[in-house]
Amino acid sequence: MHKCMRIFSLIESQKWFTFDGRQRLCHPLPSVRVGHMWVQIMFKTSGGRRPKKKTYYRVNELDRVMELQKKPSLILRLKSIIQSQKNQCLLLRDLEKEVGFVQKWNFMGIIEKYPSIFRVTGGNRTPPMVMLAEKADKVALEESEARAQMEPILVKTLRKLLMLSVDCMLPLETIQLIENELGLPSDFEQSLVPKYPQFFSVKDVNGRTFLQLENWDSSLAVTAREERLVHEGVLTSKVQARILKDGNYVGPFAFQLRYPAGFRPNVNYLKEVQKWQKMEFPSPYLNARRFELADPKAQKRVVAVLHEFLSLTMEKRLTSGQIDAFHSEFRLPARLLLCLIKHHGINL
């Protein structure tokens, strides 16, 4: 046999071959005769053209907002820690126990930078401690009064959140992940839930504590998107709507769209958006077990669930990690981030 030729051996079918001790998936070419043997000649294929690289556009305004939000979140967390202490003050040596060694230094920098919010006392014979300054303490008291006035709204939000889940119940630890975003007090399971036994109950399921909805209220099963459409008169209007150049469509099953500044949708993209905007879909408050996720209408319903979920928050935003914590209860898709990227531009 010619020295240049290498013998390929057939493994399972005519598609799998061994080449230099490694298995390769190749497309066979016509056989050629070498000496007294027929040898199958194989070449590795790339499997077609390389897929076109996708370009994703960032929203710079949102990036700046998230960056500015970092310091206030530290301030609010430290405020909550101080208020949770018996004497409304925290020994600096105990700060590490509350936030950890690494985060301790970030909080120390916050204390030093904002003396109008945090006051440090002690020294010499008494250990140094931090407490809220007089003005900050006054604002904190006003916040408590505002929370008391907001209580009916918070109860309604919590009921709607439970109604979005498949069994009208959610783990308490999962709700606690977004308690600040919902405007709930840090001890809502003790201060809020027991006051409304007609709406909520706490039960243990397989060692986990769940918050369960006691009764269904159909008047609450209306999404924020539907309330906006009623306010704008879209649902009662008989005038035939048309799709705008940016994909917006005034219809009962459409979402408001606003793309990033650098995004320029082409004609084919807008055609798909138009088709999707006109597609009907079930209410996000219907039980998700009734629908097959492979159904395009059910997929659009998932977008409506995410839209309503974000609408329940104070600032209309959550991190992808916080949303994913509700994955099983809301029956969200396995690749949640891809779903968010695919339907980018939807406005609340």
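Here's what I pulled together on the structure shown here. Each chain carries its own residue numbering, running from 1 in the direction its sequence is written. For a predicted model such as this one, the threshold for reporting local features is a pLDDT of at least 70, and the threshold for listing and counting side-chain atom pairs is 80 or more; totals across whole chains, interfaces and linings nevertheless cover every residue. Hydrogens and waters are ignored; side-chain quantities use all the structure's heavy atoms.

### Describing the sheet that holds strand E10 (residues 169-171)
Picture the strands of a sheet paired through backbone hydrogen bonds; they go either parallel or antiparallel.
No. 1: Pairing in this open sheet of three strands is antiparallel, and the strands run E10-E12-E11 from one edge to the other. Looking at strand neighbours, the two that pair on one side only are E10 and strand E11 (200-205), the edges of this open sheet. This sheet shows a mean twist of 30° between the axes of neighbouring strands, independent of strand direction.
No. 2: For two strands to count as paired, DSSP must find a minimum of two bridges between them. Helix and strand labels come from DSSP, where a helix needs a run of H or I of at least four residues and a strand needs a run of E of at least two; each type is numbered from the N terminus. Here E11 pairs with strand E12 (residues 208-213) via six bridges, running antiparallel. Along E12, the bridge assignment pairs Val-205 with Arg-208.
No. 3: Contacts are residue-level and defined by heavy atoms, with any inter-residue pair within 4.5 Å sufficient. Orientation is described by axes fitted as lines to C-alpha atoms, over the contacting stretch for helices, and by angles from 0 to 180 degrees between their N-to-C directions. The sheet contacts of helix H6 (residues 151-164) involve E10, E11 and E12, and relative to E12 the element is tilted by about 105°.

### Topic: the packing of helix H1 (residues 60-68) against helix H2 (residues 70-83)
No. 1: The geometry of H1 relative to H2 is characterised by a closest axis approach of 4 Å and an angle of 30° between their N-to-C directions. Between H1 and H2, the angle is such that the two are roughly parallel. Every residue of H2 that contacts H1 at Met-66, Glu-67 and Leu-68 is listed here: Lys-70, Lys-71 and Pro-72.
No. 2: In the scheme used here, Gly and all other residues not listed as nonpolar or charged are polar, with Ala, Val, Leu, Ile, Met, Phe, Trp, Tyr, Cys and Pro taken as nonpolar and Asp, Glu, Lys and Arg as charged. Across the contact of H1 with H2, the residue classes break down as three nonpolar, no polar and three charged. Should an angle lie under 35 degrees it is considered roughly parallel, over 145 roughly antiparallel, and from 65 to 115 roughly perpendicular; all remaining angles are considered oblique.

### Some points on the nonpolar core
No. 1: Definition used in this section: a nonpolar core is a set of buried Ala, Val, Leu, Ile, Met, Phe, Trp, Tyr and Cys residues joined via side-chain atoms within 4.5 Å. For every residue, the accessible area obtained with a 1.4 Å probe (protein chains only) is divided by the maximum for its type, and the residue is called buried under 20%, exposed over 50%, and partly exposed between those limits. Ranked by size, the top nonpolar core spans 38 residues in total, and within it Leu-161, Phe-200 and Phe-330 carry the most contacts.
No. 2: Of all elements in the fold, only H6, helix H7 (172-176), E12, helix H12 (296-311) and helix H15 (336-342) reach the threshold of two or more residues within this core.
No. 3: Looking at this core, the element that brings in the most residues is H6, giving seven residues.
No. 4: Where each domain starts and ends comes from a domain assignment, either automatic or drawn from a database. Shared between two domains, this core takes at least three residues from each, and those domains are domain 2 (149-216) and domain 3 (222-341).
No. 5: Discounting chain neighbours no more than four positions away, the residues touching Phe-200 are Val-155, Leu-158, Arg-159, Leu-162, Val-193, Leu-211, Gln-212 and Glu-214.
No. 6: Listed in part, the 17 residues of the second largest apolar core include Ile-82, Leu-92, Ile-110 and Ala-136.

### A word on the environment of Gln-83
No. 1: In this structure, Gln-83 sits in helix H2.
No. 2: Discounting residues that sit within four places of it in the chain, Gln-83 has contacts with Gln-88, Leu-132 and Ala-140.

### Some remarks on the pairing of strand E9 (residues 126-132)
No. 1: Relative to E9, strand E7 (residues 89-91) runs antiparallel, the two sharing three bridges. Within E9, the residue paired with Leu-91 across the bridge is Met-129.
No. 2: Pairing between strand E8 (residues 118-123) and E9: five bridges, direction antiparallel. When the bridges of E9 are listed, Arg-119 appears paired with Met-131.
No. 3: Hairpin connection between E8 and E9: a loop of two residues separates the two successive antiparallel strands, and Asn-124 in this loop has a positive phi of roughly 55°.

### Some remarks on the sheet that holds E8
No. 1: Read from one edge of the open sheet, three strands run E7-E9-E8, paired in antiparallel fashion. A single partner strand is all that each edge strand has here, and the edge strands are E7 and E8. Each strand of the sheet is rotated relative to its neighbour by a mean of 25°, with strand direction disregarded.

Nothing here speaks to function; it is geometry throughout.
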